[in-house]
Amino acid sequence: MELKLAFPQDSPPLSIISAAKIAGVLLIIDPTLASGSVPTLHFSSGDFIHGVNTILRYIARAASLSSFYGQDDIQAAHVDQWLEYAPLILSGSEFEAACLFLDGYLASRTFLVGYGLSIADIVVWSNLTGTGQRWESLRRSKKYQSLVRWFNSVAADYADALDEVTSAYVGKRGIGKSPAPSLKEKVPGLKENTSGHEIDLPGAKVGEVCVRFAPEPSGYLHIGHAKAALLNKYFAERYKGRLIVRFDDTNPSKESNEFVENVLKDIETLGVKYDVVTYTSDNFPKLMEMAESLIKQGKAYVDDTPKEQMRSERMDGVESKRRNSTVEENLSLWKEMVNGTKRGTECCVRGKLDMQDPNKSLRDPVYYRCNPDPHHRVGSKYKVYPTYDFACPFVDALEGVTHALRSSEYHDRNAQYYRILQDMGLRRVEIYEFSRLNMVYTVLSKRKLLWFVQNNMVEDWTDARFPTVQGIVRRGLKIEALIQFILEQGASKNLNLMEWDKLWTINKKIVDPVCGRHTAVLKDKRVLLTLTNGPEEPFVRILPRHKKHEGAGKKATTFANRIWLEYADASVVSVGEEVTLMDWGNAIIREIKTDDGTVTQLVGELHLEGSVKMTKLKLTWLSDIEDLVSLSLVDFDYLINKKKLEEDEDFLDNLNPCTRREALALGDPNMRNVKKGEVIQLERKGYYRCDVPFIRSSKPIMLFAIPDGRQKSTSIGA
């Protein structure tokens, strides 16, 4: 049967031509299709098939090689996977990461699928070859020995066919690269980075990375935790690896199931997909065994030095009097600790590291301490609990974590982390640092945030003034804005004090194009305008809630001869002035009534034929009708009044005395339909999120003002 392969001249399908040559399938080449067209295989019968992978599957089935499409159904499925993935992982910015993955995959394999050459090998080989100089430079560098061995083996075994194809279609710039499927089919985690802020993990291999997000369940997640969670998500997806969410629940005095549940809720809100949830407490028995083992090896000891004295001795490099106790003495005191006796509660376990090290984190840190409080998961089973410094490296190694992301505030403790792993005899886990996210006028310490909650300075952890995920979402921040804000910073190690305005500016760009528009006037600051030639009876028009976004829906606007204006507007108009009533037309002010200098009423007449381009004032208004709804407009300010607190400053000395302002208003009747959580714009007032929707006429709808990045006087933070 005569077969004709048609394709664009600027994009020859190298994998199809190579596979046909090796399979002995004779093709008539027709490089006359328009640029961007899909390769097509024409049969002499008049039939034809489209697409690189469809044609490759046909050639594989027509080939005399028994392994060309796998030797069973399972192998055929693996071949199909390679057909889909190869053009993706070997193109764009992920090229070297893909080579790393392939190098590891081929370390113990001769072929990609099974024990013979398949079109999977041809597709990957062709895509490497198709990159031209890019692959050749890596090939000569001897960086990927297993991948190069496999590539050279295929090239040598089928030299006649492949040399002919490459010499005909591949130049130094790799013109003959196989066309990749559409972007919609891209493999998750190997998408091309278009932000210009691509980040790499040292020594990471595609398919072998495991990262963990390890919050302590002692509060809700805040914006700083969000950065850590999203960076872990980024690396897990980028390297097609695993992401563990691990609760570091080693301090029962501060932790609760409420915090666990809400942290998981926050993680879901952030869109972080994880592989498994674990708890450090699941490993308490193994951690206790490790502590006892280190005591027996002389790498740890039990110390009863009083807390303040111990702190002073560590600062001065003075060894504890208990540092050289015998193993028997240490084990005896350890038993007292485990049993929670009075003597045991006077002790702690310390690592025997180096009391003279300039890095004070290595000066015999505490590994275990007693705590009689019940644990939120295991109750009163244990009387001793590991410190974060002891538990973290142990569980990281145990769970297979390859890269531990930590904020740069822990930099001085990195040496301690590695030393503890070494003493435990566990494999090395690479630490990757990123800068802690600091925001102006904001404290992120959970201890300080807890103070605000316990002292009723805020409603709870979800208060709109709080920098918690739930707080800022309640204030009106879209998660897409938070993700964009954090990923724009990347994994920089530079310490930055970030402005809230930048985040709110991003948020505005997201909400403005889609949120519905409504009208409101302040209840105590409104003035009645009587239109002498207005409609005798009120009438209704159906208008769009957003003039440029149909998806926002419609609203019913009532037009009447008595309308309410904001006092701020009424106080600046003058007799004879023509103004524009938004969504209606022009009107001329004929009379201004005052009482002791205060404007109390306006009289005017409609002038709908007037040009809106000629008026200076464009006024929002509401008809004086019974259906107007009551609103409570709430605005917030920072909880502290200093942009940046220094280390020696107490946040209690910098509390903002007024952080919440509330004003009653009247809104258009359509606002009865605004849902809880919905973001709207009140014309000429700003953006608001509905915190309490319409329930009954006597209870106002509560709207929280959303900063737009320009309002310096109102913002969020703690």
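Owing to the predicted nature of the structure, the values given are computational and were not obtained by experimental measurement.

**Student:** How should I be thinking about the packing of helix 1 (residues 14–23) against helix 5 (residues 119–130) in this particular structure?
**Tutor:** Helix-helix packing is described using two parameters, namely the angle between the two axes and the distance between the axes. Interaxial distance between helix 1 and helix 5 falls to 9 Å at its minimum, and their mutual angle equals 130°. The angle between helix 1 and helix 5 falls in the class oblique. The handedness of the crossing between helix 1 and helix 5 comes out as right-handed. Counted together, Leu 14, Ser 15, Ser 18, Ala 19 and Ile 22 of helix 1 and Ile 119, Ile 122, Val 123, Ser 126, Thr 129 and Gly 130 of helix 5 form the full contact between these two elements.

**Student:** Teacher, can you tell me more about the pattern of salt bridges here?
**Tutor:** Should their charged atoms come close, side chains of opposite charge can pair. Within this structure, the stated rule accounts for 41 salt bridges. Ionic pairing is found between Asp 463 and Arg 465, a salt bridge with its closest N-O pair at 2.9 Å. When sorted by exposure, Asp 463 lands in the same class as Arg 465, which is buried. Residue Arg 475 pairs with Asp 635 through a salt bridge whose shortest N-O separation is 3.8 Å. Note that Arg 475 is positioned in helix 17 (residues 469–475) and Asp 635 in strand 27 (residues 629–636), a separation of 160 residues in sequence. One network of salt bridges, in which partners are shared, links Asp 304, Lys 321, Arg 322, Lys 342, Arg 343 and Glu 346.

**Student:** For this particular structure, what's the right way to read the packing of aromatic side chains?
**Tutor:** Aromatic rings in a pair are described by how distant their centres are and how their planes are angled relative to each other. Tallied over the entire structure, the rule returns 30 aromatic pairs. Pairing Phe 247 with Tyr 279 gives two aromatic rings, centres 5.3 Å apart and planes at 20°, and the pair type is stacked. Of this pair, Phe 247 sits in strand 6 (residues 242–247) while Tyr 279 sits in strand 7 (residues 276–279), placing them 32 residues apart in sequence. Tyr 279 carries the same exposure label as Phe 247, and that label is buried. Ring centres of Trp 334 and Tyr 368 lie 5.3 Å apart, and the angle between their planes is 80°; on these two criteria the pair is classed as edge-to-face. Here the residue Trp 334 occupies a position in helix 13 (residues 327–339), and Tyr 368 occupies one in strand 10 (residues 366–370), the gap between them amounting to 34 residues. One aromatic cluster is present, formed by Tyr 220, Phe 259, Trp 451, Phe 452, Trp 461, Phe 466 and Phe 651 through successive ring pairs. One residue, Arg 428, lies across the ring of Tyr 418, its end atom 3.8 Å from the ring centre. The ring of Trp 564 is capped by Arg 526, whose NZ or CZ atom sits 4.2 Å from the centre of that ring.

**Student:** Which parts of the structure should I look at to understand the pairing of strand 9 (residues 348–351)?
**Tutor:** Both faces of the sheet carry side chains from a regular strand, because those side chains alternate between them. Alternating residues of strand 9 divide into Cys 348 and Arg 350 and Val 349 and Gly 351, and every residue in both groups is buried. When strand 8 (residues 300–303) meets strand 9, the two strands line up antiparallel, connected through 4 bridges. In the sheet register, Asp 303 faces strand 9, and the bridge partner there is Cys 348. As judged from the 3 bridges shared by strand 9 and strand 10, these two strands associate in the antiparallel manner. Residue Arg 350 lies in a different strand from strand 10, and its bridge partner there is Val 366.

**Student:** How should the sheet that holds strand 8 be read in this particular structure?
**Tutor:** The strands that make up a sheet pair up through hydrogen bonds in the backbone, lying either parallel or antiparallel. With respect to topology, 4 strands assemble into an open sheet ordered 8-9-10-11, the strand pairing being antiparallel. A single partner strand is all that each edge strand has here, and the edge strands are strand 8 and strand 11 (384–386). Here the average twist between neighbouring strands, direction ignored, is 20°. Pairing between strand 10 and strand 11: 3 bridges, direction antiparallel. Bridge pairing in strand 11 places Cys 370 opposite Val 384. Across the sheet, helix 13 is in contact with strand 8, strand 9, strand 10 and strand 11; its angle to strand 8 comes to roughly 60°.

**Student:** For this particular structure, what's the right way to read the nonpolar core?
**Tutor:** The nonpolar side chains of a soluble globular protein tend to be buried with one another. Counting 54 residues, the largest nonpolar core has Phe 68 and Trp 150 as its most contacted members. If near-sequence neighbours (up to four positions away) are discounted, Phe 68 is found in contact with Ala 19, Ile 22, Ala 23, Ile 59, Ala 60, Ala 63, Leu 117, Ser 118, Ile 119 and Ile 122. Among the nonpolar cores identified, the runner-up in size contains 53 residues, and Tyr 239, Val 272, Met 439 and Trp 500 belong to it.

**Student:** Where do I start with the state of the cysteines in this structure?
**Tutor:** Evaluation of the coordinates by the stated rule reveals 0 disulfides. Cysteine Cys 392 remains unbridged, with the sulfur of Cys 210 as its closest cysteine sulfur at 13 Å. Just so you know, Cys 515 is unpaired, no disulfide at all, and the nearest cysteine sulfur is the one on Cys 690, 13 Å from it.

**Student:** I would appreciate a short explanation of the sheet that holds strand 21 (residues 562–566) in the present structure.
**Tutor:** If you walk across this open sheet you meet the 7 strands as 25-22-23-24-18-21-26, and the pairing is mixed. Single-partner strands in this sheet number two, and they are strand 25 (618–619) and strand 26 (622–623). Alignment of strand 18 (residues 526–531) against strand 24 (residues 598–606), held across 4 bridges, turns out to be parallel. Note that in strand 24 the partner of Leu 529 across the bridge is Leu 602.

**Student:** Got a minute to help me understand the pairing of strand 7 in this structure?
**Tutor:** Sheet topology note: the strand 6/strand 7 ladder contains 4 bridges and is parallel. Following the sheet pairing, Ile 244 is matched in strand 7 by Val 276. Between the parallel elements strand 6 and strand 7, the chain passes through helix 10 (residues 257–269) in a crossover that is right-handed.

**Student:** Please explain the confidence of the model for the chain as it appears in this structure.
**Tutor:** In low-pLDDT regions, the fine details of the predicted coordinates are not to be read closely. Averaged over all residues, the pLDDT of the chain equals 89, while 93% of them reach at least 70. This model gives residues 713–718 a pLDDT under 50, and the stretch forms 40 contacts once residues within four places in sequence are excluded.

**Student:** Help me understand the environment of Gly 476, please; the structure alone is not making it clear to me.
**Tutor:** With respect to the element layout, Gly 476 can be found in the loop between helix 17 and helix 18 (479–489). With 35 residues separating them in the primary sequence, Gly 476 and Val 511 have C-alpha atoms 9.4 Å apart. For Gly 476, the contacting residues outside a window of four places in its chain are Trp 504, Asn 507, Val 679, Arg 689 and Ile 706.

**Student:** Just to check I follow, could you spell out the side chain of Asn 414 for this structure?
**Tutor:** Along the chain, the position of Asn 414 falls in helix 15 (residues 414–424). For Asn 414, a relative accessible area of 11% corresponds to the buried category.

**Student:** Which parts of the structure should I look at to understand the environment of Val 527?
**Tutor:** In this fold, Val 527 is placed in strand 18. According to the relative accessible area criterion, Val 527 is buried, its value standing at 1%. When the C-alpha positions of Val 527 and Met 337 are compared, they lie 74 Å apart, and in sequence the two are 190 residues distant. Setting aside its immediate chain neighbours within four residues, Val 527 contacts Ile 563, Trp 564, Leu 565, Tyr 567, Ala 570, Val 599, Thr 600, Gln 601 and Leu 602.

**Student:** It is not clear to me how the environment of Thr 32 should be interpreted in this structure. Could you clarify?
**Tutor:** Note on placement: Thr 32 falls in strand 2 (residues 28–33). Assessed through its relative accessible area of 58%, Thr 32 is described here as exposed. Spatially, the C-alpha atom of Thr 32 lies 6.2 Å from that of Gln 9, the residues being 23 residues apart in sequence. Within the structure, the side chain of Thr 32 is placed 2.6 Å from the side chain of Asp 30, a separation counted as a polar contact.

What counts and what doesn't
- Residues numbered from 1 in each chain as written.
- Predicted model: local features only at pLDDT ≥ 70, side-chain atom pairs only at ≥ 80, totals over all residues.
- Heavy atoms only, no water.
- Axes fitted to C-alpha atoms, helices over the stretch in contact; angles between N-to-C directions.
- Helix = DSSP H or I, 4+ residues; strand = E, 2+ residues; numbered from the N terminus.
- Parallel < 35°, antiparallel > 145°, perpendicular 65-115°, else oblique.
- Left-handed = near helix turned anticlockwise from the far one by under 90°.
- Contact = heavy atoms within 4.5 Å.
- Salt bridge = Lys/Arg side-chain N within 4 Å of Asp/Glu carboxyl O.
- Buried < 20%, exposed > 50% of the residue type's maximum accessible area, 1.4 Å probe, protein only.
- Phe/Tyr/Trp six-rings, centres within 6.5 Å; stacked < 30°, edge-to-face > 60°.
- Lys NZ or Arg CZ within 6 Å of the ring centre and 35° of its normal.
- Pairing = 2+ DSSP bridges.
- Core = buried A, V, L, I, M, F, W, Y, C linked by side-chain atoms within 4.5 Å.
- Disulfide = S-S within 2.5 Å.
- Right-handed = clockwise from strand over helix to strand, strands pointing away.
- pLDDT = per-residue confidence, 0-100.
- Polar contact = N/O pair within 3.5 Å; in protein donor to acceptor, adjacent residues only side chain to side chain.

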